[in-house]
Amino acid sequence: MTAQPPVSNDLDRLATVRKSIVRAIESVGRKTDVVRLVCVTKTIDKNRIQSILEAGHRHFGENRVQEAEAKWPELRKRFPDLRLSLIGPLQTNKVREAVELFDAIETVDRPKLAQALAKEIDRQNKAPELFVQVNIGEEPQKAGVAPGEADAFLRQCREAFGLRIAGLMCIPPLGEPPSPYFALLAKIAARNGLTRLSMGMSSDFERAIQLGATEVRVGSGIFGERS
Ligand SMILES: *Cc1c(COP(=O)(O)O)cnc(C)c1O
């Protein structure tokens, strides 16, 4: 068997992921335009990303501000309608760069960060979509507000800092069935009047969609295992 160039592999896998997304949406009778595929490009170089852009995909995710700064300003010049989401932890000293670079920030998880974002969003007069990250499995090593503190934190974001929050994001514990965690995130969102749910990665995006995901974040399912 001859090896294919990696780019065509990426596009094949992207097409396969798209089909699986549609199947998952249809399996629960949702509308097919309600789920966004966030193509996760951490560690992936600009040439491979460009091929995905040329194939028409526009929504991407990076987990580090610094890496995004090195890759995306140039790509955005060529594809001004692309959408970039920050899906990794954000330090307050990187808030300025993050608000400049990203169309969505999915990792709002503490008052100090919420306050810094509010100030910077006002200063730059921008309106990135904001998601509150919930540490849905209450894992000590993971970022996010505890499920029991989510309601109070959301209220604080809105009332104390005047932030508009679009939805919630979570990363369930590795090696456990993710469904109960997805269901819990959906429940917290519903009782806070939030309609957007960023949940589901390469291994579990179909389940996440069946439980209400509106954004799925898929990396290795499109680019293969990261080295
Ligand atoms: C890397 C990453 C993903 C994508 O993970 P895959 O398993 O490669 O699909 C999704 N969400 C976050 C927050 C990530 O850091």
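Up top is the structure these notes are about.
Since the structure is predicted, the reported quantities are computational estimates derived from the model, not experimental observations.

Participant: Account for the overall build of the protein chain, with residues named and values stated.
Facilitator: When helices and strands are tallied, the protein chain shows nine helices and eight strands. For 227 residues, the compact-globule estimate of 2.2 N^0.38 gives 17 Å, and the protein chain sits close to it at 17 Å. Its C-alpha atoms give the protein chain principal-axis dimensions of about 60 × 40 × 35 Å. Among the 227 residues that make up the protein chain, the fraction classed as buried is 48%. In the protein chain, of all internal contacts separated by at least 6 residues, the share reaching a separation of at least 24 is 59%. Of the accessible surface of the protein chain, which amounts to about 11,300 Å², a share of 50% is contributed by carbon and sulfur atoms. Within the protein chain, one finds 34 positive and 29 negative side-chain charges whose respective centroids are separated by 2 Å.

Participant: Break down the packing of helix H2 (residues 46-54) against helix H3 (residues 65-78) for me, with residues and values.
Facilitator: Where H2 contacts H3, the axes come no closer than 11 Å and their chain directions differ by 30°. One finds that H2 runs roughly parallel with respect to H3. The handedness of the crossing between H2 and H3 comes out as right-handed. Within the contact between the two elements, H2 uses Lys-46, Ile-49, Gln-50, Leu-53 and Glu-54 and H3 uses Ala-70, Lys-71, Trp-72, Glu-74, Leu-75 and Arg-78.

Participant: Which residues make up the site of the ligand, and what values do they have?
Facilitator: All residues adjacent to the ligand are Val-40, Lys-42, Ile-87, Met-169, Ile-171, Met-201, Ser-202, Arg-217, Val-218, Gly-219, Ser-220 and Arg-226. At 2.4 Å, a side-chain N or O of Ser-202 approaches an oxygen atom of the ligand. Its residues assigned to classes, the shell around the ligand shows six nonpolar, three polar and three charged.

Participant: I'd like a description of helix H6 (residues 150-159), backed by residues and values.
Facilitator: Listed as buried for H6 are Ala-150, Phe-153, Leu-154 and Cys-157. One side of H6 holds all its buried residues, which, seen down the axis, span an arc of 100°. In this structure, the buried residues of H6 make contact with strand S4 (104-108), helix H5 (111-124), strand S5 (129-134), strand S6 (165-170) and helix H7 (179-191).

Participant: Account for the pattern of salt bridges, with residues named and values stated.
Facilitator: Counting across every chain of the model gives 18 salt bridges. The partner of Glu-120 in a salt bridge is Arg-96, and the shortest N-O contact between them spans 3.4 Å. In this pair, Glu-120 sits in helix H5 while Arg-96 sits in helix H4 (residues 95-101), placing the two residues 24 residues apart along the sequence. Among the salt bridges present, the one from Lys-142 reaches Glu-139, with a minimum N-O distance of 2.7 Å. Note on Glu-139: relative accessible area 14%, which makes it buried.

Participant: Give a description of the packing of aromatic side chains that names residues and reports values.
Facilitator: Tallied over the entire structure, the rule returns one aromatic pair. Between the aromatic rings of Phe-60 and Trp-72, the centroid separation amounts to 5.0 Å while the plane-to-plane angle is 45°, which identifies the pairing as tilted. A residue pair is termed long-range when its members are at least 10 positions apart, and Phe-60 in strand S2 (residues 59-62) and Trp-72 in helix H3 qualify at twelve residues. Here Phe-60 and Trp-72 have matching classes, each one buried.

Participant: So what about the environment of Arg-96? Which residues, and what values?
Facilitator: Looking at Arg-96, the relative accessible area reads 43%, which means it is partly exposed. For the pair Arg-96 and Val-17, spaced 79 residues apart in the sequence, the C-alpha separation amounts to 34 Å. Once residues within four sequence positions are removed from consideration, Arg-96 is found in contact with Glu-120, Arg-123 and Gln-124. Of note is the side chain of Arg-96, whose polar atom sits 3.4 Å from the side chain of Glu-120.

Cut-offs and rules
Residues numbered from 1 in each chain as written. Predicted model: local features only at pLDDT ≥ 70, side-chain atom pairs only at ≥ 80, totals over all residues. Heavy atoms only, no water. Helix = DSSP H or I, 4+ residues; strand = E, 2+ residues; numbered from the N terminus. Rg over C-alpha atoms; globule rule 2.2 N^0.38 Å. Buried < 20%, exposed > 50% of the residue type's maximum accessible area, 1.4 Å probe, protein only. Contact = heavy atoms within 4.5 Å. Areas by Shrake-Rupley, 256 points an atom, 1.4 Å probe, with all protein chains shown as cover. Lys, Arg positive; Asp, Glu negative; His and termini not counted. Charge placed at Lys NZ, Arg CZ, Asp CG, Glu CD. Axes fitted to C-alpha atoms, helices over the stretch in contact; angles between N-to-C directions. Parallel < 35°, antiparallel > 145°, perpendicular 65-115°, else oblique. Left-handed = near helix turned anticlockwise from the far one by under 90°. Near = heavy atom within 4 Å. Polar contact = N/O pair within 3.5 Å; in protein donor to acceptor, adjacent residues only side chain to side chain. Nonpolar A, V, L, I, M, F, W, Y, C, P; charged D, E, K, R; others polar. Arc of directions from axis to C-beta. Salt bridge = Lys/Arg side-chain N within 4 Å of Asp/Glu carboxyl O. Phe/Tyr/Trp six-rings, centres within 6.5 Å; stacked < 30°, edge-to-face > 60°.

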